[in-house]
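Tertiary structure, described
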Amino acid sequence: MQTKIRFITFAIAAAALAAIQATAATIEAPLLTAQQREVDRVAVSLRDEPAVKAARNAMLKRWQALKPYTAPDGRAQLESAVDEAVFIGLRAAAADPADPKMIWTEAPGYEIDGLEVPSSRSGDRPDRIYRFAAVDSRYRYVIHGRRSEKPSLPEFSFEALQPPAVFGKPVVALSSANIDVAADGTFTVTADATPANGRRNHLQLPPGTTSLLIRDTLIDWSSQLPNELSIERLGGDRVPQRSHEQLVSDASKTIGALTEIAVQFFEWPWDRPANQLQPRLRPMEWGLKGSGLALNRFSIKPDEALVITLDTVGAKYVGFVVGDPWQRSVNYWKRSGSLNSLQAQRNDDGTITYVLSAQDPGVHNWVDTGGLQEGVVTVRWEGLPADVQIEKGFRGARVVKRSDVVALLPDAKRVVADQRREWLAARESGYGQRVIQ
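In this text, all values refer to a predicted model and were calculated from it rather than measured experimentally.

Side note on the nonpolar core
Within the largest apolar cluster, 52 residues are counted, with the highest numbers of intra-cluster contacts made by M59, W63, V82, L90, W104, I255 and W326. Elements that contribute at least two residues to this core include exactly α2 (34-45), α3 (50-63), α4 (72-94), β2 (103-105), β3 (110-112), β4 (115-117), β5 (128-134) and α5 (244-267). With 11 residues, the single largest contributor to this core is α4. Excluding residues that lie within four positions of it along the chain, W326 makes contacts with W63, L66, P68, Y69, G74, Q77, L78, A81 and F266. Counting residues in each nonpolar core, the second largest holds 27 residues, with L277, I308, L310 and A344 among its members.

Here it is as structure tokens:
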């Protein structure tokens with residue numbers, strides 16, 4: 001038997017596909033693992049349940065009352081955005097703390113072994129690998145990890161979340177600075193109800209913790225690979241599997257919880273003037289405490305471009321992403337819907353100037369809006385110095401005619417059509433290697 005992978009959302013080169021089809025069913029890529037496929041199958045099987053459909057329709061109705069829906073692009077994108085958020089909820093409901101699994105989520109869809117797995121891009125980030133695992137503070141867990149020969153950024157983290165899964169508030173975090181990694185790249189993390197009290201490689205699971213969220217960042221798509229991760233429960237009596245009826249009930253409740261917790265994220269950018277950014281340091285409840293975040297909406301006409309200049313303020317990583325009004329990323333695997341600080345061209349003074357527009361303005365730092373006139377820009381500064389002044393991360397923004405961009409940015413690297421096609425092909429190939437291994 002062979003494991004076959006096909007991406008619904010982008011094509012795979014013939015040579016790469018042939019390599020996959022020649023791989024045995026025991027393939028254990030860092031993301032499309034056997035555990036991932038098992039949870040995906042359960043999640044897909046729940047989609048047509050009447051109770052799940054009712055929860056989905058309730059989400060749709062609730063979100064229609066929110067400010068992003070007032071924008072034409074918000075109305076046009078709502079149905080598909082709801083479906084992607086629902087699948088995140090179905091994956092979360094399929095996860096079991098008594099039989100934990102590491103689950104990749106907030107990602108484009110794919111087909112594997114004949115199973116079409118829907119996209120789940122709500123709140124996703126092109127450079128970020130988000131994984132979660134269902135846990136319960138009554139149990140003890142061990143997480144096994146391995147960093148590849150060309151690993152992701154040194155900074156990665158584990159967070160204990162309150163419900164709902166994936167989008168709940170972090171209460172305790174374990175960063176890579178407190179994780180010992182062996183010379184061969186392997187590491188082990190324990191997780192239970194006991195405090196770390198100075199112990200390294202240990203994450204406390206306070207009462208009420210229902211899931212772990214793991215962040216892993218790839219800044220160089222051409223070489224870096226996600227950490228390999230697996231989780232197991234230690235000891236304890238065997239716990240009976242949930243019935244199908246219980247799974248359906250859990251799925252409906254999870255979708256309901258995601259419906260409400262998303263409201264504050266969706267409304268926030270629409271309470272501020274468009275086309276501006278206000279960087280802030282993140283508190284614990286936002287995750288990645290001490291990193292920088294700016295989130296706001298953009299609004300431009302089809303013949304306009306939004307020019308934004310950022311200061312890296314000493315960050316090891318800056319991520320710039322454009323999304324629709326529901327904060328679902330614009331296509332970034334076949335198009336340039338994002339640019340991080342390695343992919344972007346820097347100005348002579350170290351700042352980075354991004355150009356958002358629906359059509360290619362002819363400069364390297366083009367971020368494709370996918371035809372959107374209104375949406376959301378999200379910027380992250382990570383690996384910051386201790387004395388950072390994060391407010392200096394935003395240098396300014398202005399709306400200009402797209403046809404004027406080249407003249408207004410005389411030092412920007414020019415890109416013609418053939419160069420853009422080559423760059424996008426390399427980008428797509430780099431994204432694909434996350435799962436083709």
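Describing the packing of α3 against α4
Across the interface, α3 lies against α4 with an axial gap of 10 Å and an inter-helix angle of 130°. Relative to α4, the element α3 lies oblique. The chirality of how α3 crosses α4 is right-handed. Taking contact as the criterion, the partners of V52, R56, M59, L60 and W63 in α3 are, on α4, L78, E79, A81, V82, D83, A85, V86 and L90. Considered class by class, the residues forming the contact of α3 with α4 number 10 nonpolar, no polar and three charged.

Concerning the side chain of T351
Relative to the helices and strands, T351 is located in the loop between β17 (338-340) and β18 (352-357). Judged by its relative accessible area of 3%, T351 is buried. Only 2.6 Å separates the side chain of T351 from the side chain of D349, close enough to count as a polar contact. The contacts of T351, once residues within four sequence positions are left out, are T309, L310, D311, R346 and R395.

Details of the environment of L258
Assignment of secondary structure puts L258 in helix α5. The exposure class of L258 is buried, given its relative accessible area of 4%. Separated by 94 residues in the primary sequence, L258 and P164 place their C-alpha atoms 6.7 Å from one another. Not counting residues within four places of it along the chain, the set of residues in contact with L258 comprises M59, W63, A85, I88, G89, P164, A165 and F167.

Section: the pairing of strand β14 (residues 292-299)
Taking burial as the measure, the eight residues of β14 include seven buried ones, the bulk of the element. Pairing geometry for strand β13 (residues 280-281) and β14, over two bridges, is antiparallel. Considered in β14, the bridge of L281 is made with G292. Of the pairings in the sheet, the one linking β14 to strand β20 (residues 374-382) comprises eight bridges and is antiparallel in character. Counted as the bridge partner of N296 is V377 from β20.

Notes on the pattern of salt bridges
Scanning all chains against the criterion turns up 29 salt bridges. The salt bridge partner of D136 is R138, with a shortest N-O separation of 3.0 Å. Classification of D136 as buried rests on a relative accessible area of 18%. When its relative accessible area of 64% is taken as the criterion, R138 is described as exposed. Across the pair R328 and D324 runs a salt bridge, and its minimum N-O distance is 2.9 Å. Taking relative accessible area as the criterion, D324 reaches 3% and is therefore assigned buried.

Analysis parameters
Residues numbered from 1 in each chain as written. Predicted model: local features only at pLDDT ≥ 70, side-chain atom pairs only at ≥ 80, totals over all residues. Heavy atoms only, no water. Core = buried A, V, L, I, M, F, W, Y, C linked by side-chain atoms within 4.5 Å. Buried < 20%, exposed > 50% of the residue type's maximum accessible area, 1.4 Å probe, protein only. Helix = DSSP H or I, 4+ residues; strand = E, 2+ residues; numbered from the N terminus. Contact = heavy atoms within 4.5 Å. Axes fitted to C-alpha atoms, helices over the stretch in contact; angles between N-to-C directions. Parallel < 35°, antiparallel > 145°, perpendicular 65-115°, else oblique. Left-handed = near helix turned anticlockwise from the far one by under 90°. Nonpolar A, V, L, I, M, F, W, Y, C, P; charged D, E, K, R; others polar. Polar contact = N/O pair within 3.5 Å; in protein donor to acceptor, adjacent residues only side chain to side chain. Pairing = 2+ DSSP bridges. Salt bridge = Lys/Arg side-chain N within 4 Å of Asp/Glu carboxyl O.

Functional significance is not addressed by these values, which are geometric in nature.
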